[in-house]
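# Geometric and topological summary
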Amino acid sequence: MEGPVCQVAWGCYVLLAISIGAHCAMSSDNLACPSTSDLRTQPVAALDKEGIGPAMTSIPMIACSTSLSEHHSGGSGTNKNKQMVEQLQRYGVISSKKVVEVMETIDRALFVPDGTPAYVDSPMAIGYNATISAPHMHATCLQLLEENLQPGMHALDVGSGTGYLTACFATMVGPQGRAIGVEHIPELVASSIKNIEKSAAASPLKGGSLSVHAGDGREGWPEHAPYDAIHVGAAAPEIPQPLIDQLKPGGRMVIPVGKIFQDLQVVDKNLDGSVSIRSETAVRYVPLTSRDAQLKGY
Ligand code: SAH
């Protein structure tokens, strides 16, 4: 083929390759990367009033290189975090200025276990059969919830894990707002609080507009309901009714729904109290389940 025909064919091929790549990047979240994995030991922070002592646990660490990682070979942590965010913008995952700002403000490296490549666009094991979501999924969820994370608003992060998104929410809603994390593994609650204390969200934590609680997130957190924004970081077989009940009219919930095949669903509560649901994209998250089932490996 020659001339324009050849160019069109080549253009189509490149577009196809890009769209396949983008789909692969976008569609897996808490899915373990099937490449090299090795076992390392993650120290878990000493726990607080819950009465559980310090513990050590072995977690599978996933060595998984993606296009984002190629750009993170040098510079300080803050610079690398910024480069990660720039790369997500370049790939079209982030288009919102506010999401850029918050992801630049909250350094992801403070939330991943020591020795984990913080800026690689992949979920990473955090122990207890849980993961920190991939940067592109954090970005996608922040962007879907952006309008419901305005200063003064209330946000609930169910399955808050490392506390990364709870910290982002607190930064966006500001000191007059409220960001609540609910996580059912008390050790993760304790380590997430330590992560947040090291981050730019330390002051909302200290000031009380950010808090993380141990509990079953399927029940929500009624104390600070109704919420303008609810994020669920684990896949529910179906949308838990208490979460719909705790959504404010005009509020939005982003929740992965399904078992093997999962969709990231966007649930909007209309002003008359009715609910509209749409699917954003196919995803793969760890299940929203009982603590026992999770610790037994589901
Ligand atoms: N979004 C978080 C964590 C995602 S992993 C982050 O990026 O760091 C999903 C989390 O949901 C895990 O920490 C898991 O322990 C938690 N989880 C699963 N079922 C839960 C439930 N019923 N209640 C509260 N947390 C739950």
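Anything mentioned here points back to the structure above.
Let me sum up the structure you'll find in this document.

What counts, and where the lines are drawn
- Residues numbered from 1 in each chain as written.
- Predicted model: local features only at pLDDT ≥ 70, side-chain atom pairs only at ≥ 80, totals over all residues.
- Heavy atoms only, no water.
- Near = heavy atom within 4 Å.
- Polar contact = N/O pair within 3.5 Å; in protein donor to acceptor, adjacent residues only side chain to side chain.
- Areas by Shrake-Rupley, 256 points an atom, 1.4 Å probe, with all protein chains shown as cover.
- 1 Å grid on protein atoms, 1.4 Å probe; cavity = no way out; pocket = protein on both sides within 12 Å on 5 of 7 lines; lining within 4 Å.
- Sits in = over half its atoms within 2 Å of the grid points.
- Helix = DSSP H or I, 4+ residues; strand = E, 2+ residues; numbered from the N terminus.
- Nonpolar A, V, L, I, M, F, W, Y, C, P; charged D, E, K, R; others polar.
- Salt bridge = Lys/Arg side-chain N within 4 Å of Asp/Glu carboxyl O.
- Buried < 20%, exposed > 50% of the residue type's maximum accessible area, 1.4 Å probe, protein only.
- Contact = heavy atoms within 4.5 Å.
- Phe/Tyr/Trp six-rings, centres within 6.5 Å; stacked < 30°, edge-to-face > 60°.
- Expected span 1.5 Å × (residues − 1).
- Axes fitted to C-alpha atoms, helices over the stretch in contact; angles between N-to-C directions.
- Parallel < 35°, antiparallel > 145°, perpendicular 65-115°, else oblique.
- Left-handed = near helix turned anticlockwise from the far one by under 90°.

## Overview of the site of the ligand
Within the structure, the ligand sits among 25 residues, and His 138, Thr 162, Glu 183, Gly 217 and Thr 289 are positioned closest to it. The contact in question runs from an oxygen atom of the ligand to an N or O atom on the side chain of His 138, over 2.8 Å. The contact in question runs from a nitrogen atom of the ligand to an N or O atom on the backbone of Gly 217, over 2.8 Å. Contact with the protein chains hides 100% of the accessible area of the ligand, taken as 580 Å² for the molecule alone. The site holding the ligand turns out to be the largest cavity. In terms of residue count, strand E4 (residues 130-132) provides more of the shell around the ligand than any other element does, three residues in total. Considering only residue class, the shell around the ligand consists of eight nonpolar, 14 polar and three charged.

## Looking at unusual backbone geometry
Cis geometry marks the peptide bond from Ala 225 to Pro 226, where omega comes out at 0 degrees. Note that Pro 226 resides in the loop between strand E7 (210-214) and strand E8 (227-232). Although it is not a glycine, Asn 129 sits at a positive phi angle of roughly 60 degrees. By the secondary structure assignment, Asn 129 is in the loop between strand E3 (124-127) and E4.

## Describing the pattern of salt bridges
Overall, the coordinates contain five salt bridges when judged by the stated rule. Of the charged contacts, one joins Glu 86 and Lys 82 as a salt bridge, the two residues approaching to 3.9 Å between their closest N and O atoms. Linking Glu 86 with Lys 82, this pair stays in helix H2 (residues 77-90), spanning four residues, or about one helical turn.

## Re the environment of Leu 288
Position of Leu 288 relative to the elements: it lies in the loop between strand E11 (275-283) and helix H9 (291-295). With relative accessibility at 11%, the residue Leu 288 sits in the buried group. With residues up to four places along the chain from it excluded, the contact list for Leu 288 reads Val 158, Arg 218, Val 232, Ala 234, Ala 235, Ala 236, Pro 237 and Pro 240.

## Observations regarding the packing of aromatic side chains
Under the defined criterion, the tally for this structure stands at one aromatic pair. Between the aromatic rings of Phe 111 and Tyr 164, the centroid separation amounts to 5.6 Å while the plane-to-plane angle is 90 degrees, which identifies the pairing as edge-to-face. In this pair, Phe 111 is assigned in the loop between helix H3 (97-105) and E3 and Tyr 164 in helix H5 (residues 164-173), connecting sequence segments 53 residues apart. Exposure class is identical for Phe 111 and Tyr 164. Each is buried.

## Section: helix H6 (residues 186-198)
Because each turn of an α-helix spans 3.6 residues, side chains separated by three or four positions end up pointing in the same direction. Along its 13 residues, H6 runs 19 Å from first to last C-alpha, staying within 8% of the 18 Å computed at 1.5 Å per residue. Within H6, 10 of the 13 residues are buried, which leaves the element mostly enclosed by the surrounding structure. Taken together, the buried positions of H6 are occupied by Pro 186, Glu 187, Leu 188, Val 189, Ala 190, Ser 191, Ser 192, Ile 193, Asn 195 and Ile 196.

## So, the packing of H3 against H5
Orientation of H3 relative to H5, taken along the N-to-C sense of each, is 120 degrees, at an axis distance of 10 Å. By the angle between their directions, the pair H3 and H5 is classed as oblique. Every pair of crossing elements has a handedness; the one defined by H3 and H5 is right-handed. In this structure, H3 contributes Lys 98, Val 102, Met 103 and Thr 105 to the contact, and H5 contributes Tyr 164, Cys 168, Thr 171 and Met 172. Grouping the constituent residues of the contact of H3 with H5 by class yields five nonpolar, two polar and one charged.

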